[in-house]
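The primary structure of each chain is shown beneath.
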Amino acid sequence: MEVNPDPFTGPVIYGLGITCGDALAAEIVVNDISFGKLAAGATSLESIPIHSDLDLGGNVAELLIGVSERSLSGPALPLPGKPPATANAKLQLEGDEVLISGEGLSVTTHTFARDIWDARTLAGPVMLPTALRVTFEPRAGSPVAPWARAQALSADDVEAAVYAETAIIAEMLRDRNFDAYVGATSLRRQHKARCYPNGPNAEVLREEELDDLLQLSKAKDFAVRIAAQVGSRLRAQAKSRLFDFVDTQGEPIVTIHANGQSFAVQHQFSFIDKGLQLVR
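Reading the values: rules and limits
Residues numbered from 1 in each chain as written. Predicted model: local features only at pLDDT ≥ 70, side-chain atom pairs only at ≥ 80, totals over all residues. Heavy atoms only, no water. Helix = DSSP H or I, 4+ residues; strand = E, 2+ residues; numbered from the N terminus. Pairing = 2+ DSSP bridges. Axes fitted to C-alpha atoms, helices over the stretch in contact; angles between N-to-C directions. Core = buried A, V, L, I, M, F, W, Y, C linked by side-chain atoms within 4.5 Å. Buried < 20%, exposed > 50% of the residue type's maximum accessible area, 1.4 Å probe, protein only. Contact = heavy atoms within 4.5 Å. Expected span 1.5 Å × (residues − 1). Arc of directions from axis to C-beta. Polar contact = N/O pair within 3.5 Å; in protein donor to acceptor, adjacent residues only side chain to side chain. Patch = residues over 30% accessible without salt bridge, like charges linked within 9 Å, V, L, I, M, F, W, Y side chains within 5 Å. Areas by Shrake-Rupley, 256 points an atom, 1.4 Å probe, with all protein chains shown as cover. Salt bridge = Lys/Arg side-chain N within 4 Å of Asp/Glu carboxyl O. Parallel < 35°, antiparallel > 145°, perpendicular 65-115°, else oblique. Left-handed = near helix turned anticlockwise from the far one by under 90°. Phe/Tyr/Trp six-rings, centres within 6.5 Å; stacked < 30°, edge-to-face > 60°. Lys NZ or Arg CZ within 6 Å of the ring centre and 35° of its normal.

**With respect to the environment of Ala 85**
Locating Ala 85 in the fold gives a position in the loop between strand E7 (77–78) and strand E8 (88–101). Through-space distance from the C-alpha of Ala 85 to that of Asp 247 is 34 Å; in sequence the pair is 162 residues apart.

Encoded structure:
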């Protein structure tokens, strides 16, 4: 990992810069939370905001190379044949310093750390899966994610409760009880507003979320579905401090259908103040 000095004096907003060749599939993981998959066959240039998912103390961002599932626990296997030219990747920890002067706003981006992988430069066989990794401690005063202070629990402790809470959320959407829904999602909006103080405040975010739902509900084919608990799995992330139910493809089990399209809606819970709370 290459580390660069911090040149900033003001607050920093953290993010990731990712470049991944098209030879292999990959997955982005931050603090043991999946941030998305990159399919083989398409070169990826990604800018990933992570400022709202900072942990207490040390933080870890990873790009897992040559994986279809988020796991490095299986045995590493050699990549057959000569490594292709596009078997390469780069993971960068970046920070934005936002300065406001009068009515003007300027943003300066700096790369704090970088990890690079190129299969063609490796001596010996190329073993997969492998991981690019950057570690860092955010500046004092950086926002900490709600899940960071949550209690770590086993899957058996929360499985039934997480599905029950997810079913309640799905029912709110299905019944078009959107005021109740945006009330249930308030914690994650408030945290987002704290993380990005130059963006919309929590009330504006609430109105935007409510308006989006109202527009979707006008579709004649509007429908909300939740997959059965049997056949779904509880996913524990953030070192067992963050939970949600996903299908066999790792997608959220609540889907909204409108205007001929279906999309999954993420609802992730943490155990805070003696109960489950929707935090992400």
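**Description of the sheet that holds strand E11 (residues 130–136)**
The antiparallel open sheet is built from 4 strands, whose spatial order is E4-E3-E6-E11. Strands with a single pairing partner mark the edges of an open sheet, and in this sheet they are strand E4 (33–38) and E11. Across the sheet, the mean angle from the axis of one strand to that of its neighbour is 15 degrees, orientation sign disregarded.

**Topic: the nonpolar core**
Within soluble globular proteins, side chains that are nonpolar tend to cluster in buried spots. Ranked by internal contacts, the top residues of the largest apolar core, which has 41 residues, are Leu 16, Ile 50, Leu 63, Ile 65, Leu 93 and Trp 117. Among the elements of the structure, strand E2 (12–20), strand E3 (26–30), E4, strand E6 (59–65), E8, strand E9 (104–118) and E11 are those that each provide at least two residues to this core. Among the elements that make up this core, the one with the highest residue count is E2 (5 residues). When residues no more than four places from it in sequence are discounted, the contact partners of Leu 63 are Ile 18, Ala 26, Glu 27, Ile 28, Leu 38, Ala 89, Lys 90, Leu 91, Thr 130, Ala 131 and Leu 132. Listed in part, the 26 residues of the second largest apolar core include Val 158, Ile 169, Ala 170 and Leu 173.

**Digging into helix H4 (residues 202–217)**
In this model H4 runs 23 Å from its N-terminal to its C-terminal C-alpha over 16 residues, within 8% of the 22 Å that 1.5 Å per residue would give. Within H4, the full set of buried residues consists of Leu 205, Glu 209, Leu 210, Leu 213 and Ser 217. Projection of H4 onto a plane perpendicular to its axis shows the buried side chains occupying an angular sector of 130 degrees, all on one side. Among the residues of H4, the N-terminal cap falls to Asn 201, whose side-chain oxygen and the backbone nitrogen of Glu 203 are separated by 3.1 Å.

**Overview of the sheet that holds E2**
In a beta sheet, neighbouring strands pair by backbone hydrogen bonds and run either parallel or antiparallel. Taken in spatial order, the 5 strands make up an open sheet running E1-E9-E8-E2-E5, and their pairing is antiparallel. Both edges of this open sheet fall to strand E1 (2–3) and strand E5 (44–49), since each of them pairs with a single strand only. In this sheet, E8 lies alongside E2 in antiparallel orientation, the contact comprising 9 bridges. In the strand pairing of E8, Val 12 is matched with Glu 97.

**With respect to the pairing of strand E18 (residues 275–278)**
Bridge count between strand E17 (residues 269–272) and E18: 4 bridges; the pairing is antiparallel. Looking at the pairing, Phe 269 lines up with Leu 278 of E18.

**Some details on a nonpolar patch on the surface**
Nonpolar side chains collect at one region of the surface, where Ile 100, Leu 105 and Val 107 lie side by side and expose about 290 Å² of accessible area between them. Here Leu 105 is to be found in strand E9.

**Considerations on the packing of helix H3 (residues 186–195) against H4**
It is at 8 Å that the axes of H3 and H4 come closest, and there the two elements cross at 130 degrees. The angle between H3 and H4 falls in the class oblique. Between H3 and H4 the crossing geometry is right-handed. Between H3 and H4, the residues in contact are Arg 188, Arg 189, Gln 190, Lys 192 and Ala 193 and Ala 202, Leu 205, Arg 206 and Glu 209, respectively.

**Quick look at the packing of aromatic side chains**
Under the definition given, this model contains 5 aromatic pairs. For the pair Tyr 163 and Phe 245, a centre-to-centre distance of 5.3 Å together with 85 degrees between the ring planes defines the contact as edge-to-face. Pair noted here: Tyr 163 is in helix H1 (residues 155–174) and Phe 245 is in strand E14 (residues 242–246), with a separation of 82 residues, a long-range link. Across this residue pair, the class does not change: Tyr 163 and Phe 245 are buried. Pairwise contacts between aromatic rings join Phe 8, Tyr 14, Phe 112 and Phe 136 into one cluster. Cation over ring: Arg 280 sits above Phe 35, and NZ or CZ is 5.1 Å from the ring centre.

So yeah, pure geometry; function would need other evidence.
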